[in-house]
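Chain by chain, the residues run as shown.
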Amino acid sequence: MNELLLDLDQNLTAHIRLSLGALAIGIGISIPAAVFVAPHARLRYGVLSVVSVIQTIPALALLALMVPIFVALTGDGLGFWPALTALVLYSMLPIVRNTLTGLAGVDADVIEAARAMGMTPVQSMLRVRLPLAAPVILAGVRTAAVWTVGIATLATPVGQRCLGNFIFTGLQTQNWTSVLVGCAAAAALAIVLDTLLGGVELGLRRRRPPLLWACAAAIAVMFGVGLGGPYAKPAGPVSGPTLVVGAKTFTEQYILADVIGGVCEDAGYRVEGMESLGSAVVFEGLASGEIDVYVDYSGTIWANHMKRTDTADAQTVLDEVSRWVRETHGVVCLGSLGFENAYGMAMRRDRAEAVGATSIDDLRGEPVSIGGDYEFFERPEWDAIRSAYSLTPSETISYDSTFMYEAVATGQVDVISAFTSDGRIAAFDLVVLDDPRGVIPPYDAVLLVSADASQDEDLIEALRPLVGSIDVEMMREANLMVDRDEDKRSVAEAAAWLRERIATDGESGR
Amino acid sequence: MADPADQDHAGAAIELRGVTMRYVQDAPPAVDQFDLRVPPGELLVLLGESGCGKTTTLKMINRLIEPTSGTILVGGRDIAEADPVGLRRSIGYVFQGVGLFPHLTVGENVGVVPHLMRWERGRTRARTDELLELVGLDPATFRDRDPDELSGGQRQRVGIARALAATPKTMLMDEPLGALDPITRATLQDELRRIHDQCGLTSVMVTHDMTEALMMGDRIGVMKAGRIVGLGTPAELLADPGDPYVERLLATPRREVRRLEALEQGGGAR
Ligand SMILES: Nc1ncnc2c1ncn2[C@@H]1O[C@H](COP(=O)(O)OP(=O)(O)O)[C@@H](O)[C@H]1O
Ligand SMILES: [Mg+2]
């Protein structure tokens, strides 16, 4: 809890900065756009259609789409600007729609009176039409505000710190307090903002300027706090070069990022974490140099980035992946950390015995239900497994990886696509089925360093000892410390434990 | 009261020459080959049934709509060559539906045109109070009220004050007393006539009520289907209606008067 509170100021101010910034820009674009198109039926229809279509894109997908777009446009695809852009686009529909509705609802007699009094079209808009439409427009702004604050929690996977960091990390490490803190803070922020905007609206409707200005000022102060609030504070020495360490959204990644961060700090670097990134996003970040170092898996690069559908032995995959990342992105692969985190088809021991399964081959034709993480059933591995072993599952269900293990343990599904370095395989007494046809590609955990960072020999020297230093048993134990329900440890504690083990093993091995 | 300057000048003459307004091609025009001259200082009443083109005629005079053909002169100048915004600010316009701005107070409504013309605050305020008094509303009581806190008659008064704010020489009034009860209406008829004289205006007022036209107009122009079918002072029209339509319109007030006289003489016979 204390650790959470330490992050709260950063995450909250970043969230305010992001959501209020997006809202302000959204208002700044949407109201003038609506005013401009209001008199033209076709344009009106066109603009409304466009903002409506944007709304139908799932928020997470819209955020993720911004990454390649920003990489193409600016070279950098992570963090504040892509997240802000997606949120601005998202905020537009309610504001545009309500501005158009509000303007259309102004009494035609009043508009004609304005013209007859000698108002120019601009004066009529500014002095009569917009003020009369203001309550309706503000209602739209309130809707947009609540949406934006809520959706901003999804900015975490594109590398923008926000209250979503609590939620994403909490979900992955089963730290429900963290999830709750994130949700409660986002909800509180939305309620406060909505109430203040409600005050502005009431002030406008009842023509009570003091109320209007008091609420507007409170919102401005809030935004000011967001802008002025603590930005990411790199850990480590006060001066020295800053490194950005990336991590995807699961426990092992958080722990490894913490281990790498600690090693770099000891070597005199200031370290900034960029966590809970989408799997595709994190590699983009490394390629564009926004992330300096992170751990990926050879099979992931092989299948997702190199688009390879065949498979090969671990050493060949590792060599080809290393060559490919260097040649296409200048990224340096320092080597395997010493363990593999592959997909493994896992079953509860009693179920496996009941079906008589020790390898995937034994599932041929069996009507078993299979659970996978979000990606699994879309990945080439699944196609390969299914066709190689002629699987005919009765059902396939996607889970958040946290809940996937619960699902197999409680018998909701028979088989899951477990991760072989996950501590819960042992904890839940699961059996990983053999892959006699060797269709599941190797997934060695590899240490990747960006093109720029790889020029730094001191950094490479500091990181190299990590290569080959973690075996799968160590990684499973560290993962389980965080993932288990009893005697739960924080990511930092697990990382400290792992570093200690690396150190003692290194000495005894020498 | 109104600027003394106003009283020195007679209002500006209004002249329509062969004005036609056709909203829809091939349909009969709303206003058809209309000729009319309103000399400075006159209050001309345009009278006719609903849909005969009265509002269309008024709106063309301050260029809210542009005639299909013909020429309109205000103060001797062709308004087609005037800047429409400036023209409208120099002409007071009172609406059929009043059209007060609901988001502005009574005082702010009256001050709209002075504000647009960038008068100083103090001058606008003094003018507002003066006009509220002119239309019989106590400034201290009404200045800061919202339009929806007024009765129909009070709203009409504010509409009249607003039209007069920037000391126009010309007033266009579209059924300004339309939806009022008879007593308020009679009072306001007298006041409007007084204001017209006091401010030295040239006015065109639209009504569909012959009695009102007879009470208020220097001259009455009777319209039918976009044309003038009778034009003259009330006395002239009564003496020689000319057109049967005018005759028919005069029948109602005549009957009322006869009935009243009969009642006053103690008889009850019809
Ligand atoms: N904007 C418009 N478009 C088409 N026809 C109109 C429009 N305004 C008025 N008219 C028609 O023109 C005629 C005259 O209307 P109007 O001047 O408002 O009459 P009045 O004020 O005497 O009742 C009517 O037949 C009316 O239907
Ligand atoms: Mg009319």
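About the thresholds
- Residues numbered from 1 in each chain as written.
- Chains lettered and ligands numbered in written order.
- Predicted model: local features only at pLDDT ≥ 70, side-chain atom pairs only at ≥ 80, totals over all residues.
- Heavy atoms only, no water.
- Helix = DSSP H or I, 4+ residues; strand = E, 2+ residues; numbered from the N terminus.
- Buried < 20%, exposed > 50% of the residue type's maximum accessible area, 1.4 Å probe, protein only.
- Contact = heavy atoms within 4.5 Å.
- Areas by Shrake-Rupley, 256 points an atom, 1.4 Å probe, with all protein chains shown as cover.
- Lys, Arg positive; Asp, Glu negative; His and termini not counted.
- Charge placed at Lys NZ, Arg CZ, Asp CG, Glu CD.
- Phe/Tyr/Trp six-rings, centres within 6.5 Å; stacked < 30°, edge-to-face > 60°.
- Lys NZ or Arg CZ within 6 Å of the ring centre and 35° of its normal.
- Axes fitted to C-alpha atoms, helices over the stretch in contact; angles between N-to-C directions.
- Parallel < 35°, antiparallel > 145°, perpendicular 65-115°, else oblique.
- Left-handed = near helix turned anticlockwise from the far one by under 90°.
- Nonpolar A, V, L, I, M, F, W, Y, C, P; charged D, E, K, R; others polar.
- Buried area = accessible area lost by both parts, 1.4 Å probe.
- pLDDT = per-residue confidence, 0-100.
- Salt bridge = Lys/Arg side-chain N within 4 Å of Asp/Glu carboxyl O.
- Core = buried A, V, L, I, M, F, W, Y, C linked by side-chain atoms within 4.5 Å.
- Domains from an automatic or database assignment.
- Near = heavy atom within 4 Å.
- Polar contact = N/O pair within 3.5 Å; in protein donor to acceptor, adjacent residues only side chain to side chain.
- Pairing = 2+ DSSP bridges.
- Disulfide = S-S within 2.5 Å.

Trainee: Would you take a moment to explain the overall build of chain A for this structure?
Mentor: Along chain A, the regular secondary structure elements total 20 helices and 10 strands. Its C-alpha atoms give chain A principal-axis dimensions of roughly 90 × 60 × 45 Å. Classification of the 510 residues of chain A by burial places 52% in the buried group. When contacts within chain A are restricted to residue pairs at least 6 apart in sequence, long-range pairs at least 24 apart make up 77% of them. Working note: accessible area of chain A is about 21,400 Å², and carbon and sulfur atoms make up 58% of it. Distance from the positive charge centre (36 side chains) to the negative charge centre (60 side chains) of chain A: 12 Å.

Trainee: I tried to follow the packing of aromatic side chains on my own but got confused; where do I start?
Mentor: In this description, a pair of aromatic rings is defined by centroid distance and the angle of the planes. Taken as a whole and judged by the stated rule, the model has 12 aromatic pairs over all chains. Judged by centre distance (6.2 Å) and plane angle (20°), the rings of Phe283(A) and Trp324(A) are stacked. Pair noted here: Phe283(A) is in helix H11 (residues 279–288) and Trp324(A) is in helix H13 (residues 314–329), with a separation of 41 residues, a long-range link. Classification of Trp324(A) by relative accessible area gives partly exposed; the value is 21%. Each ring, one from Tyr343(A) and one from Phe419(A), has its centre 5.4 Å from the other, and the planes form 35°; the classification is tilted. Taken together, the residues Tyr343(A) in strand S5 (residues 343–348) and Phe419(A) in strand S8 (residues 415–419) connect sequence positions 76 residues apart. The pair Tyr343(A) / Phe419(A) is uniform in exposure class, with both members buried. These aromatic residues form a ring-pair network of at least three members: Phe250(A), Tyr297(A), Tyr343(A), Phe376(A), Phe377(A), Trp382(A), Phe419(A) and Tyr443(A). The aromatic ring of Trp119(B) is capped on one face by Arg123(B), whose charged end is 3.7 Å from the ring centroid. Its end group placed over the ring of Phe101(B), Arg162(B) keeps NZ or CZ at 5.0 Å from the ring centre.

Trainee: Explanation requested: the packing of helix H3 (residues 59–74) of chain A against helix H4 (residues 80–104) of chain A in the structure shown.
Mentor: Axes are the key here: two packed helices are described by the angle between their axes and the distance separating the axes. Residue and element names in this part refer to chain A. Taken N-terminus to C-terminus, the directions of H3 and H4 make an angle of 130°; their axes are 9 Å apart at the nearest point. Accordingly, the angle class assigned to the pair H3 and H4 is oblique. Handedness of the crossing formed by H3 with H4: right-handed. Here Ala59, Leu62, Leu63, Met66 and Phe70 of H3 come into contact with H4, specifically with Trp81, Pro82, Ala83, Thr85, Ala86, Leu89 and Tyr90. Classifying every residue of the contact of H3 with H4 by side-chain character gives 11 nonpolar, one polar and no charged.

Trainee: Would you take a moment to explain the interface of chain A and chain B for this structure?
Mentor: Interfaces are often sized by the amount of accessible area the parts lose when they come together. The partner chain B presents 24 residues to the 16 residues of chain A that form the contact. For the pairing of chain A and chain B, the buried interface totals around 1,800 Å² over both sides, and the portion due to carbon and sulfur atoms is 61%. Taken together, the residues of the side of chain A that touches chain B sort by class into nine nonpolar, three polar and four charged.

Trainee: Would you mind going over the confidence of the model for chain B with me for this structure?
Mentor: Keep in mind that low pLDDT regions are not for reading the predicted coordinates in detail. Residues and elements named next belong to chain B. Considering every residue of chain B, the mean pLDDT works out to 87; 94% of them sit at 70 or more. Per-residue pLDDT stays below 50 along residues 1–9; that stretch engages in 16 contacts with residues further than four places along the chain or on separate chains. Predicted complex, confidence summary: ipTM 0.86, pTM 0.78.

Trainee: Any chance you could explain the pattern of salt bridges here in plain terms?
Mentor: One side chain can pair with another of opposite charge once the charged atoms of both are near each other. Counted under the stated rule, the structure contains 32 salt bridges over all chains. Bridged by salt links that share partners, the residues Arg142(A), Asp194(A), Glu201(A) and Arg205(A) form one connected network.

Trainee: Whenever I open this one, the nonpolar core confuses me. Can you help?
Mentor: If you look at soluble globular proteins, the nonpolar side chains tend to sit buried side by side. Residues and elements named next belong to chain A. In terms of nonpolar packing, the biggest core is built from 74 residues, with Ile255, Leu463 and Leu498 touching the most fellow members. The greatest single-element share of this core, amounting to eight residues, is contributed by helix H10 (residues 251–266). Shared between two domains, this core holds at least three residues of each, these being domain 2 (242–341 + 442–507) and domain 3 (343–432). Contacts of Leu498, omitting those with residues within four sequence positions, involve Ile255, Leu256, Val259, Ile470, Met474, Met475 and Ala478.

Trainee: Got a minute to help me understand the site of ligand 1 in this structure?
Mentor: Residues and elements named next belong to chain B. In the vicinity of ligand 1, the contacting residues are Tyr23, Ala30, Glu49, Ser50, Gly51, Cys52, Gly53, Lys54, Thr55 and Thr56. One of the side-chain nitrogen or oxygen atoms of Tyr23 is found 3.4 Å away from a nitrogen atom of ligand 1. Relative to its unbound accessible area of 560 Å², ligand 1 is 56% covered by the protein chains. Its residues assigned to classes, the shell around ligand 1 shows three nonpolar, five polar and two charged.

Trainee: Please explain the sheet that holds strand S7 (residues 170–174) of chain B as it appears in this structure.
Mentor: Residues and elements named next belong to chain B. The strand order across the open sheet formed by six strands is S6-S7-S8-S3-S9-S10, and the pairing between neighbours is mixed. Bordering the open sheet on either side are strand S6 (91–94) and strand S10 (227–232), each of which pairs with just one other strand. Each neighbouring strand pair of the sheet contributes to a mean axis angle of 15°, computed without reference to strand direction. One ladder, built from four bridges, connects strand S3 (residues 43–47) with strand S9 (residues 219–224); its direction is parallel. Across the sheet, residue Leu44 finds its bridge partner in S9, namely Arg219.

Trainee: Hey, could you run me through the side chain of Asp483(A) in this one?
Mentor: Residue and element names in this part refer to chain A. Inspection of the secondary structure assignment puts Asp483 in helix H19 (residues 472–483). Its relative accessible area of 3% is what places Asp483 among the buried residues. With residues near it in sequence (within four places) discarded, Asp483 still touches Gln172, Thr173, Gln174, Thr251, Asp422, Arg424 and Lys488.

Trainee: Help me out: how do you make sense of the state of the cysteines in this one?
Mentor: Covalently bonding the sulfur atom of one cysteine to the sulfur atom of another cysteine gives a disulfide. Residue and element names in this part refer to chain A. Applying the stated criterion to the full structure yields zero disulfides over all chains. The cysteine Cys183 is free of any disulfide, with Cys162 supplying the nearest cysteine sulfur at 11 Å. Classification of Cys183 as partly exposed rests on a relative accessible area of 39%. In this structure Cys264 is a free cysteine whose sulfur lies 16 Å from that of Cys333, the closest cysteine sulfur available. Its relative accessible area of 0% is what places Cys264 among the buried residues.

Trainee: Can you walk me through the domain arrangement of chain A in this structure?
Mentor: All names here are of chain A. Once the domains are mapped, chain A shows domain 1 (2–228), domain 2 (242–341 + 442–507) and domain 3 (343–432). Counting from both sides, the interface comprises 15 residues of domain 2 and, opposite them, 12 residues of domain 3. At the boundary of domain 2 with domain 3, total buried surface from both sides reaches about 1,200 Å², with 47% on carbon and sulfur atoms. The largest per-residue losses of area from domain 2 upon contact with domain 3 belong to Asn341, Tyr443 and Arg476, which jointly make up 42% of the total buried on that side. Linking domain 2 with domain 3 are one salt bridge.

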